[in-house]
Amino acid sequence: MDTIFLDTNCIRNEGANCFFGNVSDIQKASNIVDIAIPSIVIDEIVRQKRRFLKSQLDKMKNNYFSRVVGFDGIELKVCKDHIEHQIESLFTNSQNEFTYKIVKLKHKGKLKQIKQLAIKNIAPFEANSDKGFKDTYIHLTISEFLKTADDDVFLLTSDTRLKESFKYKGVTVISTIQDYFRYRQEYFKEDYFLERLNEYFERKDLSSKSILSAELNEDDNWEIRVEIDEDEKVLEVDFYSREIIDDN
């Protein structure tokens, strides 16, 4: 099964009502791929929420009407304690937003790598500075994961330097979840599927031009529209094996 890693910028949500942002698109992908999140991304989301909630509390403490209604120290302590409780609750329930796994980096020997990347300003560090520790941590986490990955690995991010760091690393970088589905739609222009298609219909003339569209159906399989002798056929194709399941 493919794995899509998520960078912070694609699931950012600093509010206090849910843990992640951009949930609906990722939820759809999580039915057919493994969603992976580097541990440092989880740490950053927690930090963002803590900062947001503390800023909300500071606004309330400094609000004129808080003094008018007698908002006192005990109530402030209750609110302060609530911050960590709410963050923990959001994280505990985050698997209900979409299914994912947290991938941790094995730290042994990594400090030296990070130091060399920082000194030489190698991506994902900035070209002219040592800014980029978090992105480097993500880069090393995914690189380590690649060593044991069984299928293709993708990274969802909008960070330019992080993208650049995976240029020759065997990771496909995407900017949206739809990019992943578009990437997988290329299946149906490849020789493997076209051979299966010709075998299925006992023909030899069907080509990529015969494929009119490829979309996911409710069962998370592909619905392929094929033009044959000016007639349109609809095929159901298994998402991963690309084997034809049915036609109508």
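Structure's up top.
Procedures and definitions
Each chain carries its own residue numbering, running from 1 in the direction its sequence is written. Predicted model: local features are reported for residues with pLDDT of at least 70 only, side-chain atom pairs are reported and counted for 80 or more only, and whole-chain, interface and lining totals are derived from all residues. Derived side-chain values reflect all non-hydrogen atoms in the structure, with water molecules and hydrogen atoms excluded from consideration. In the sections that follow, a salt bridge refers to a side-chain nitrogen of Lys or Arg positioned within 4 Å of a carboxyl oxygen of Asp or Glu. Buried residues are those whose accessible area, probed at 1.4 Å on protein chains only, stays under 20% of the maximum for their type, while exposed residues exceed 50% and partly exposed ones sit between those limits. Under the pairing criterion, centres of Phe, Tyr and Trp rings, with the six-membered ring standing for Trp, must be within 6.5 Å; the plane angle then separates stacked pairs below 30 degrees from edge-to-face pairs above 60, leaving the rest tilted. A run of DSSP states H or I qualifies as a helix once it reaches four residues; a run of E qualifies as a strand once it reaches two. Both are numbered from the N-terminal end. Only lysine NZ and arginine CZ atoms are considered, and such an atom sits over a ring when it is within 6 Å of the ring centre and within 35 degrees of the ring normal. Between any two strands, pairing holds if DSSP finds at least two bridges. Note on definitions: angles span 0 to 180 degrees between N-to-C directions of axes, and those axes are lines fitted to C-alpha atoms, for helices only across the stretch in contact. The arc in question is the one spanned by the directions pointing from the helix axis to the C-beta atoms. The contact rule is simple, with two residues in contact once any of their heavy atoms fall within 4.5 Å. When residues are grouped by polarity, Ala, Val, Leu, Ile, Met, Phe, Trp, Tyr, Cys and Pro land in nonpolar, Asp, Glu, Lys and Arg in charged, and all others, Gly among them, in polar.

S.K.: I tried to follow the pattern of salt bridges on my own but got confused; where do I start?
M.R.: When their charged atoms lie close together, side chains carrying opposite charge are able to pair. Evaluated as defined, the whole model comprises 18 salt bridges. Notably, a salt bridge pairs Glu186 with Lys189, separated by 3.8 Å at the nearest N-O pair. Accessibility expressed as a relative area gives 53% for Lys189, which makes it exposed.

S.K.: Would you mind going over the packing of aromatic side chains with me for this structure?
M.R.: By convention here, two paired aromatic rings are described through the distance between centres and the angle between planes. Tallied over the full model, the rule gives 15 aromatic pairs. Note on Phe188 and Trp222: the rings are 5.5 Å apart at their centroids and 80° apart in plane angle, and the pair reads as edge-to-face. Taken together, the residues Phe188 in the loop between α8 (177–185) and α9 (191–200) and Trp222 in strand β7 (residues 222–228) connect sequence positions 34 residues apart. Under the relative-accessibility criterion, Trp222 is labelled buried at 0%. By way of ring pairs, the aromatic residues Phe19, Phe20, Phe91, Phe98 and Tyr100 are connected into one cluster. In this arrangement the basic side chain of Lys28 is found over the ring face of Phe181, its NZ or CZ atom lying 5.5 Å from the centre.

S.K.: Would you explain the sheet that holds strand β6 (residues 211–216) in this entry?
M.R.: Hydrogen bonds between backbone atoms are what pair the strands of a sheet, whose relative direction is either parallel or antiparallel. The strand order β6-β7-β8-β9 describes an open sheet built from four strands, whose pairing is antiparallel. If you trace the sheet from one side to the other, it starts and ends with β6 and β9 (244–247), each paired once. For this sheet, the mean angle separating the axes of adjacent strands, direction not counted, is 25°. With three bridges connecting them, strand β8 (residues 231–237) and β9 associate as antiparallel partners. Looking across to β9, one finds that Val237 is bridged to Ile244.

S.K.: Help me out: how do you make sense of α8 in this one?
M.R.: Since the α-helix turns once every 3.6 residues, residues separated by three or four places project in the same direction. Residues Ile177, Tyr180, Phe181 and Arg184 constitute the buried set of α8. Projected down its long axis, α8 carries its buried residues within an arc of 95°, all on one side. Among the structural elements, β1 (3–6), α1 (23–30), β4 (153–156), β5 (171–174), β6 and β7 are those in contact with the buried residues of α8.

S.K.: Just checking my understanding: could you explain the packing of helix α2 (residues 39–61) against helix α6 (residues 133–146) for this structure?
M.R.: Each pair of packed helices gets described by two things: the angle between the helix axes and the distance between those axes. Here α2 crosses α6 at 145°, and the two axes come no closer than 8 Å. Where α2 approaches α6, its residues Ser39, Ile40, Val41 and Glu44 are matched on the opposing element by Phe133, Lys134, Tyr137 and Ile138. Residue composition of the contact of α2 with α6, grouped by class: five nonpolar, one polar and two charged.

Read these as geometric descriptors, not functional statements.
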